[in-house]
Every structure is written in structure tokens, then in C-alpha cells.
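# A look at the structure
Here's the letter readout for the chains.
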Amino acid sequence: MTAAVPTKNRRHGLRPGDAPPGPLRQVLGLVLRIFLCLVFGLPLVFMIVSSFKPDLQIFADLGTFNAFLPVGELNLDNYLGVFERVPFATFLMNSVIISVLTVVLGLVVNSMAAFALARMEFRGQKVVLGVILATLIVPFETMALPLLWWVNQLPWIDANGLSQGWLDTYQVQIVPFIANAFSIYLFYQYFDSIPKELDEAARVDGAGWFRIYRSVIMPLAGPAVATVAILTFLPAWNQYLWPLMVVQSEELRPAMVGIDYFKQLNVSWGQIMAYASIITVPVLVMFIAFQRAFINSIASSGVKG
């Protein structure tokens, strides 16, 4: 009987000895959850349902609940029109390449920077961390033009030899977003919570700093890795302004820029909804996959004896 009380309290997010919430509070909590689900879920439902409807049907259903229901004339013409109107496979592959490389390289670079700040001791450590965090208050729009100038001055070796400027390349869409102050801060906070006695024990066994980072700290950082991966993937996938500024070739454009094709000449809202539905799928898959990894990491991480 005594073992059942902590389990029940954990289910409600309570500490042992706290009373569970009353019926009224539970009902209000359920109503709030349903309301939030409707607020965030109905726009997605409208987008997906509208992607199967012709434009006339979409406008006819506006103002009624039919806008959220798969009723009326439904077909796949909008999805077929997406592939006919734009090189969608190319745009989608570009977004996958850019987002995956940004996430992978960002995890390595930001975690190593955070490890140095959280586990190693050197003069000016807090100053460096403060400068990194200060960059969070600077919006990207204020840095876009100076960054555009700098990337146009960088050298690059291509098929024709050494050339100047990164414009209209993959690397200009990836490299500027690898290092991220918020990701460093998340890793720093998590690394700082891990007992430093683990470092001392590893150094006694002859491990260097990189071995400690790779074999001791990172295996315990599953929740931080999952969180940073999600928060890095979303802006990389949704990037619009920067690719619009630095990419001119159609074969290098990501999926978000491709939506501009549907605003030219005859605007087809059904095709726009179909295009938006398709490019939303990878985001949902990414979130669901790393959400499970996040939960599993919390359950399994720790020091095992």
C-alpha cells in the first residue's frame, strides 16, 4: 500500500506527501489541455483538409466548420500540381541536406564549446560565456547584411580552382548557423549539472579532456542532445530570408523558398496548402522521433554502478 502513494503522486507531478488535485482542478486542467490542442491543432487540420479541396471549395467552406472537415469535392489534384509547378524533389532534398548537416555539425561544435566552458577551468571563462550569451539579444536581421558581405569575401575551392565568395552554395546555408549561443547555453547548463567527480575519476584512469567529453559526458547528455537537435532543426528547416538573399540557382534552393513559386501569376491556395502539408511532415517526424529519444534519455541517463 505504501508503494502506491509515490507512484500516484508522480503521475500527478506531486512530491511524496502532497495531496492529489481535486476533481474540479482535474476538470479545469483537462479543459485547458483540450483548448490548447484546438488552438494549435486546428490550423494544421485546416491546412491538411484544404490541400485536398479545389480553391472554390476552400473559399465556400470558410466561415463554417466544414473548413476543418474532409467534405465536398476531394481529390489529389493539388498534390499533383505541386510536382508540376516546382522541382519539389530538389527543394526537399536541399532542405534535408542543409538541416541534417546543420544539426549534426551544430551538436558537435556547440557541445564541445559548452564542455570547455562547463568542465574546464581557465582565465576569463565567465567572460567568454557572457559574451556568447550577449549575442542572443541581437536579432538575425541586423546581422544579415554584414554576414552577406563576409561570406562573399571567403575563399572556396571549387571545380575551377580557388575562387572567392560563398554565394550560391550549400556551405553558405549551413556554416553560419552551426555555432549557436542558445545551444551552447543549453549544453552548458546540462554539463554543469553533471558531478565533476566523474572527470576526476576519468583523469585518474589516464583519460584526457576529449576522452572525458566523448566517453563520460556525452553518453549522459541524451536529453540535452535531443533538445538541441529539435531546436536546431526547426530554424534550419524553416529558413527563408537567408536563402532568399544568398541563393540564386534553382537547384540549391530549399523548400521554404519554393513556396514563392505559388504566389506568382495564378495563385492556387489549394496547391499552397498541399505544398505546406508536405514540407510539414519531416518536421513532425523529427519532433516525434527526438521526443521519444528525449523521454528515453531521461529515464536511462545517470551513473550506473
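Residues numbered from 1 in each chain as written. Predicted model: local features only at pLDDT ≥ 70, side-chain atom pairs only at ≥ 80, totals over all residues. Heavy atoms only, no water.

### Examining the overall build of the protein
When its secondary structure is counted, the protein shows 15 helices and two strands. When burial is assessed residue by residue, the protein has 34% of its 305 residues classed as buried. Looking at the protein alone, contacts between residues at least 24 apart form 68% of all its contacts between residues at least 6 apart. Surface exposure of the protein reaches about 18500 Å², of which carbon and sulfur atoms provide 69%. (Helix = DSSP H or I, 4+ residues; strand = E, 2+ residues; numbered from the N terminus. Buried < 20%, exposed > 50% of the residue type's maximum accessible area, 1.4 Å probe, protein only. Contact = heavy atoms within 4.5 Å. Areas by Shrake-Rupley, 256 points an atom, 1.4 Å probe, with all protein chains shown as cover.)

### Remarks on the packing of helix α5 (residues 88-119) against helix α12 (residues 222-237)
Interhelical geometry of α5 versus α12 gives an angle of 145 degrees and a closest axis separation of 9 Å. Here the hand of the crossing between α5 and α12 comes out right-handed. Mapping the contact onto sequence places Leu92, Ser95, Val96, Ser99, Thr102, Val103 and Leu107 in α5 and Val225, Val228, Ala229, Thr232, Phe233, Ala236 and Trp237 in α12. Among the residues forming the contact of α5 with α12, the class breakdown is ten nonpolar, four polar and no charged. (Axes fitted to C-alpha atoms, helices over the stretch in contact; angles between N-to-C directions. Left-handed = near helix turned anticlockwise from the far one by under 90°. Nonpolar A, V, L, I, M, F, W, Y, C, P; charged D, E, K, R; others polar.)

### Structural notes on helix α2 (residues 23-50)
Residues spaced three or four apart along an α-helix point in a common direction, a consequence of the helix completing one turn every 3.6 residues. Look at α2: 39 Å from first C-alpha to last across 28 residues, which is about the 40 Å you get at 1.5 Å a residue. At Gly41, α2 shows its maximal bend, which comes to roughly 40 degrees, and the proline Pro43 appears one to four places after that position. Residues Phe46, Met47, Val49 and Ser50 constitute the buried set of α2. (Expected span 1.5 Å × (residues − 1). Bend = angle between axes of the 7 residues up to and from the residue.)

### Concerning the confidence of the model for the protein
The predicted model of the protein has a mean per-residue pLDDT of 84, with 87% of residues at 70 or higher. When mean pLDDT is taken per element in the protein, α5 scores highest with 93 and helix α1 (residues 4-11) scores lowest with 46. Here residues 1-11 is modelled with pLDDT under 50, and outside its nearest four sequence neighbours on either side it reaches six contacts, counting other chains as well. Contacts of residues 300-305 to residues separated by more than four positions or lying in other chains number four contacts, the stretch itself having pLDDT below 50. (pLDDT = per-residue confidence, 0-100.)

### Some remarks on the packing of aromatic side chains
Inspection of every chain in the model, using the stated rule, returns 16 aromatic pairs. With 5.2 Å between their ring centres and 45 degrees between their planes, Phe52 and Tyr79 make a pair best called tilted. Residue Phe52 is located in the loop between α2 and α3 (55-61), and its partner Tyr79 is located in helix α4 (residues 77-85); the two are separated by 27 residues in the primary sequence. For Phe52, a relative accessible area of 27% puts it in the partly exposed group. Taken together, the aromatic side chains of Phe83, Phe88, Phe262 and Tyr275 make up a single cluster linked through ring pairs. Over the ring of Trp209 we find Arg203; its NZ or CZ atom is 4.8 Å from the centre of that ring. (Phe/Tyr/Trp six-rings, centres within 6.5 Å; stacked < 30°, edge-to-face > 60°. Lys NZ or Arg CZ within 6 Å of the ring centre and 35° of its normal.)

### Comments concerning the environment of Phe46
Mapped onto the fold, Phe46 is located in helix α2. Separated by 227 residues in the primary sequence, Phe46 and Met273 place their C-alpha atoms 8.9 Å from one another. In this view, Phe46 contacts Ile58, Leu62, Ala67, Phe68 and Met273; residues no more than four positions away in its chain are not counted.

### Observations concerning the pattern of salt bridges
This structure, assessed with the given rule, holds two salt bridges. Asp61 serves as the salt-bridge partner of Lys53, at 2.8 Å between the closest nitrogen and oxygen. For the pair Lys53 and Asp61, one class covers both residues: buried. Between Asp199 and Arg119 there is a salt bridge, with the nearest N and O atoms lying 2.9 Å from each other. Linking Asp199 in helix α10 (residues 197-204) with Arg119 in helix α5, this pair joins segments that are 80 residues apart in sequence. Looking at Arg119, the relative accessible area reads 3%, which means it is buried. (Salt bridge = Lys/Arg side-chain N within 4 Å of Asp/Glu carboxyl O.)

### Remarks on α5
Between its terminal C-alpha atoms α5 stretches 45 Å, which fits the 46 Å expected from 32 residues at 1.5 Å a residue. The largest bend along α5 reaches roughly 25 degrees and is located at Gly106.

### What to know about the nonpolar core
With 41 residues, the main nonpolar core has Val86, Phe191 and Tyr275 as its most contacted residues. When residues of this core are traced back to their parent elements, those giving at least two are α4, α5, α9 (181-193), α11 (209-217), α12, α14 (255-258) and α15 (269-300). Sorting elements by how many residues they give to this core places α5 first, with eight residues. Within the second largest apolar cluster, eight residues are counted, among which are Leu148, Val151, Val247 and Leu252. (Core = buried A, V, L, I, M, F, W, Y, C linked by side-chain atoms within 4.5 Å.)

### Regarding the packing of α5 against α11
Taken N-terminus to C-terminus, the directions of α5 and α11 make an angle of 110 degrees; their axes are 11 Å apart at the nearest point. Taken together, the axes of α5 and α11 are roughly perpendicular relative to one another. For the pair formed by α5 and α11, the contact residues are Val108, Ser111, Met112, Phe115 and Arg119 on the first element and Trp209, Phe210, Ile212, Tyr213 and Ile217 on the second. Its residues assigned to classes, the contact of α5 with α11 comprises eight nonpolar, one polar and one charged. (Parallel < 35°, antiparallel > 145°, perpendicular 65-115°, else oblique.)

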